[in-house]
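Observations on the model geometry
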Amino acid sequence: MYYKFNGFTQRLAGAAASAAYNPQGLKPIVSTESPALIFGTTTKLASDLPATDSFLSKNKVPDLQKLFQRADGVPVHLKRGVPDKLLYRTTMALTVGGTIYCLIALYMASQPRNQK
């Protein structure tokens, strides 16, 4: 036997299986129609693709490995030159500025207000 919570009497009452699994009159979401086609083209299998296709470009991984593994004493987060230096310095400036702003806000919050 299946039970369903009756919202009017606030008690459990006997119910049919379909009513017990679909409470408050909700119906299950089962579509009888086939879903709409998402992609208009057929799916290509990896085995069907040629070795080099038009969307593939040169593999940059070996070049980047050489760049990042070079022993030149530069930290890895600065290996790519000027853009990395600019990004690093901007991040540090924002971090220091934010820390100073927080300390000033804490100092101002710790001072008592003048009662007039």
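Keep in mind the model is a prediction, meaning the values are calculated, not measured. (Residues numbered from 1 in each chain as written. Predicted model: local features only at pLDDT ≥ 70, side-chain atom pairs only at ≥ 80, totals over all residues. Heavy atoms only, no water.)

Another aspect to go through is the pairing of strand 2 (residues 11–15). Here strand 1 (residues 2–6) runs beside strand 2; their pairing, made up of five bridges, is antiparallel. Residue pairing in the sheet places Asn6 in a bridge with Arg11 of strand 2. The loop that links strand 1 with its antiparallel partner strand 2 comprises four residues; one of these, Gln10, has a positive phi angle of about 60 degrees. (Pairing = 2+ DSSP bridges. Helix = DSSP H or I, 4+ residues; strand = E, 2+ residues; numbered from the N terminus.)

Let us now look at the side chain of Asp84. Along the polypeptide, Asp84 turns up in helix 3 (residues 82–110). Among buried charged residues, Asp84 stands out as having no salt bridge; its nearest opposite-charge side chain is Arg80, 5.5 Å away. From its side chain, Asp84 meets the backbone nitrogen of Arg80 in a polar contact 3.1 Å long. Sequence-distant contacts of Asp84, that is, excluding residues within four places in its chain, are made with His77, Leu78 and Lys79. (Buried < 20%, exposed > 50% of the residue type's maximum accessible area, 1.4 Å probe, protein only. Lys, Arg positive; Asp, Glu negative; His and termini not counted. Salt bridge = Lys/Arg side-chain N within 4 Å of Asp/Glu carboxyl O. Polar contact = N/O pair within 3.5 Å; in protein donor to acceptor, adjacent residues only side chain to side chain. Contact = heavy atoms within 4.5 Å.)

The subject of this paragraph is the confidence of the model for the protein chain. Close inspection of predicted coordinates is inappropriate for parts of the model with low pLDDT. Per-residue confidence for the protein chain gives a mean pLDDT of 81, with 72% of residues at or over 70. At the level of individual helices and strands, the protein chain shows its lowest average pLDDT in helix 1 (residues 17–21), which scores 67, and its highest in helix 3, which scores 96. (pLDDT = per-residue confidence, 0-100.)

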